[in-house]
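# Remarks on the overall topology
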Amino acid sequence: MRPGQLANLSRFFEIRLRSVAPNEPLEFDIYLLVASKPTLFRRRGESLTAERLKLLTQHGGHAFLVPEEHRPLYLASIRKV
């Protein structure tokens, strides 16, 4: 990993794939780590199917990255559940 990438990752926190409810609009952006770089996967308001989540797990995925500025949105969504 290059020196600048670690600083870039510090702007995110990890959540488990299972933290995202399938077929529900997201209340925060989610990113995947692609080639050691955070890459936007779904925007706030979009959703993920159960099949897509299963596919990510089958391909070795275990976590999404969420921007630090969306932490309050993530925490609010957890409280709803």
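One structure accompanies this document, and this report is about it. (Residues numbered from 1 in each chain as written. Predicted model: local features only at pLDDT ≥ 70, side-chain atom pairs only at ≥ 80, totals over all residues. Heavy atoms only, no water.)

## Topic: the pattern of salt bridges
Defined as follows: A pair is scored as a salt bridge if a Lys or Arg side-chain nitrogen falls within 4 Å of a carboxyl oxygen belonging to Asp or Glu. Buried means the residue's accessible area, taken with a 1.4 Å probe over protein chains only, is under 20% of the maximum for its type, while exposed means over 50%, and partly exposed covers the values in between.
As enumerated under the stated definition, the model contains 1 salt bridge in all. Ionic pairing is found between Arg 71 and Glu 68, a salt bridge with its closest N-O pair at 2.8 Å. Taking relative accessible area as the criterion, Glu 68 reaches 31% and is therefore assigned partly exposed.

## Quick look at the side chain of His 70
Quick note on the threshold: Per the convention used, a helix needs a DSSP run of H or I reaching at least four residues, while a strand needs a run of E reaching at least two, with both numbered from the N terminus. In protein, a polar contact means a hydrogen-donor-capable atom and an acceptor-capable atom, both N or O and within 3.5 Å, with residues adjacent in sequence counting only if both atoms are side-chain atoms; elsewhere, any N or O pair within 3.5 Å suffices. What makes two residues a contact is simply this: any of their non-hydrogen atoms within 4.5 Å.
Position of His 70 among the secondary structure elements: in the loop between strand 4 (63-67) and helix 3 (71-80). For His 70, the side chain forms a polar contact with the main-chain nitrogen of Asp 29, separated by 3.1 Å. Residues contacting His 70, with those up to four places away along its chain left out, are Phe 28 and Asp 29.

## Concerning the nonpolar core
Spelled out, the test is: By nonpolar core is meant a set of buried Ala, Val, Leu, Ile, Met, Phe, Trp, Tyr and Cys residues that side-chain atoms within 4.5 Å join together.
Ile 15, Phe 28, Ile 30, Phe 41, Leu 48 and Phe 64 are the most contacted members of the largest nonpolar core, which totals 15 residues. If you list the elements that add at least two residues to this core, you get strand 1 (12-16), strand 2 (30-34), helix 2 (50-58) and strand 4.

## A few points about the environment of Arg 42
Relative to the assigned elements, Arg 42 resides in strand 3 (residues 37-42). Residues Arg 42 and Asp 29 lie 13 residues apart in sequence; the distance between their C-alpha atoms is 5.9 Å. Other than its neighbours up to four places away in sequence, Arg 42 contacts Leu 26, Asp 29, Ile 30, Ser 47, Leu 48 and Arg 52. Here Ser 47 takes part through its backbone oxygen, which lies 3.4 Å from a polar atom of the side chain of Arg 42.

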